[in-house]
Every structure is written in structure tokens, then in C-alpha cells.
Amino acid sequence: LGLRAIRLSLKVLKLLETQIAAMLRAGAHGNLRILLPMINSSNEIHQVYETIDKVVRRLVRKRIKIADPVPDVGIMIETPGAALAADNLATVCDFFSIGTNDLTMYTLAVDRGDEQVAHLYNPLHPAVLRLIEMTVQAATKSRIPVNLCGEMAGNPRFSALLLGLGLHDLSMSAPNLPRVKQRVLGLKMSDAKSCTKHIMDQSEAEQVAAILDNFNSLE
């Protein structure tokens, strides 16, 4: 809610230019992508593109080896505003990454660090799921990759739901990989889609949880 992420980068352009220069130089030695955090508007993306162009010209003049071509630029979808504007944002970037931790927190106005309201934090809230669905649909429409990160990605409880929403690229910590992989390998995509369709018709998080947990218990 404050001066952080892309807001800080665009306010302190020297810092952003230094970071971009480092990434461009690193890109000369291996593949990388640039991911922009806390994006809410296409204007913010265009400002980053302008900065990248400026840094590229400077490094080329100095004959410093950089990534060729320039790395893809993607954005984090971690606010309701970004998810609601995903159709537009998908036309001006190369990929999406859905950050479920922040997306859930901002959608529900719940600070997980506040013990008085932490119990209200629930990624299965229908509002959160609809924002994820909208984002995936926007990415699919514009034919750009979309992945999902956060606690949902690394929890096998949510695997069927995420697959059913159209997500096939999940980012998680290494210790979670075996459990999620085992769960995914044990799923039939048609069953996951059917379960997810039923879930998306619900209006309460408790109903969503009951349907998902019942599905998981039968698999």
C-alpha cells in the first residue's frame, strides 16, 4: 500500500537503470526474463520499456556485451486492479505471473501478519478465484504464458483446482515439488476441470473448500 515494488523503481530511476543494466549484462551469459512487481497499469510497463531502451543504448555505446534479443518482460498479477485490467495488460507484456499471497491479501483486505484478522485470509474465497480465472483467460486470449506462484502453487490440496482453471506452470519451493508432482500425475484433467467448474459456481469459501476436499478425498 506504500512506496514499494514498481512504484519505488519508477520514483528512483537510477536504481531501476542499475538493476536493468545488471540483468541485461547477465542475460548475455544465459536466458533470463524480467518480472515487474505490483503492476497496476500499462503506463507503468511503458515507463519500464523506455528505461530498458535507454539502458540498452548506453551499454551498446560502451560496447558492453548484453542479452540479444532483450529479455522478455512480464508482470506480477498481485492486486485486484491488475487482474481486472488483465485484458489490457496482456497486450503490452510478454507473460503473467500470478502472486496468490498478495492477491488474496489485497482482495480480502486482510493482513496475514495481524492475528486479529489472519483467520479471514482464504485463497479459496470466490473473489480470489474469479480474479485468477480472469487473469488466465486474458493471458490465453493474448497468447502469452501465465504461471502462478505463492502458497497455493506449492500445496497439493489446490492442484486440481489450479489445473482446472487452466494453469499449467506453477512456481514453488523445491521441498514442495515431489508432493505436487505426485498429485498432478494422479489427476485426470477432465475430472479437474469438472470439479473446478462446480467450484466456480459457488458463492462462499466454505462451499468451495468442501467441494475441493471431497474431490481430493476421492482421488
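Placed above this text is the structure.
This text gives an overview of the structure that appears in the document. (Residues numbered from 1 in each chain as written. Predicted model: local features only at pLDDT ≥ 70, side-chain atom pairs only at ≥ 80, totals over all residues. Heavy atoms only, no water.)

### Focus on the pairing of strand β2 (residues 73-77)
Among the 5 residues of β2, 5 are classified as buried, and the element is accordingly described as predominantly covered. By the alternation rule, side chains of β2 split into V73, I75 and I77 and G74 and M76, which are all buried. As paired strands, strand β1 (residues 34-36) and β2 are joined by 3 bridges and run parallel to one another. Its bridge partner being in β2, I34 is matched across the sheet by V73. Once the chain exits β1 it traverses helix α3 (residues 42-61) before rejoining the sheet at β2, and the crossover so formed is right-handed. Here β2 runs beside strand β3 (residues 95-99); their pairing, made up of 4 bridges, is parallel. For M76, the partnering residue across the bridge sits in β3 and is S97. (Buried < 20%, exposed > 50% of the residue type's maximum accessible area, 1.4 Å probe, protein only. Helix = DSSP H or I, 4+ residues; strand = E, 2+ residues; numbered from the N terminus. Pairing = 2+ DSSP bridges. Right-handed = clockwise from strand over helix to strand, strands pointing away.)

### A short note on the packing of aromatic side chains
In this structure the tally under the stated criterion is 0 aromatic pairs. Above the ring of F95, the side-chain terminus of R33 is found at 3.9 Å from the ring centroid. Directly above the aromatic system of Y121 lies the positively charged group of R112, at a separation of 4.9 Å from the ring centroid. (Phe/Tyr/Trp six-rings, centres within 6.5 Å; stacked < 30°, edge-to-face > 60°. Lys NZ or Arg CZ within 6 Å of the ring centre and 35° of its normal.)

### Describing helix α10 (residues 189-199)
Within α10, the full set of buried residues consists of A192, C195, T196 and I199. Looking straight down α10, one finds its buried side chains confined to an arc of 100°; they lie on one side. In α10, the exposed positions that point more than 90 degrees away from the buried face belong to S190 and K197. Along its buried surface, α10 packs onto α7 (126-142), α8 (159-164) and α11 (205-218). (Arc of directions from axis to C-beta. Contact = heavy atoms within 4.5 Å.)

### Section: unusual backbone geometry
The omega torsion of the bond from D68 to P69 falls at 5°, within 30 degrees of zero and hence cis. Within the element layout of this structure, P69 appears in the loop between α3 and β2. The phi dihedral of M38 falls on the positive side, at around 60°, and the residue is not glycine. Note on placement: M38 falls in the loop between β1 and α3. The buried category is assigned to M38, whose relative accessible area is 4%.

### Quick word on the packing of helix α6 (residues 100-108) against α7
Remark: α6 packs on α7, axes separated minimally by 9 Å, with the N-to-C direction vectors making an angle of 125°. Here α6 is positioned oblique relative to α7, judged by the angle of their axes. At the point where α6 passes α7, the crossing takes the right-handed sense. On α7, the residues that touch T100, L103, T104, T107 and L108 of α6 are A127, V128, L131 and I132. Here the residues of the contact of α6 with α7 sort into 6 nonpolar, 3 polar and no charged. (Axes fitted to C-alpha atoms, helices over the stretch in contact; angles between N-to-C directions. Parallel < 35°, antiparallel > 145°, perpendicular 65-115°, else oblique. Left-handed = near helix turned anticlockwise from the far one by under 90°. Nonpolar A, V, L, I, M, F, W, Y, C, P; charged D, E, K, R; others polar.)

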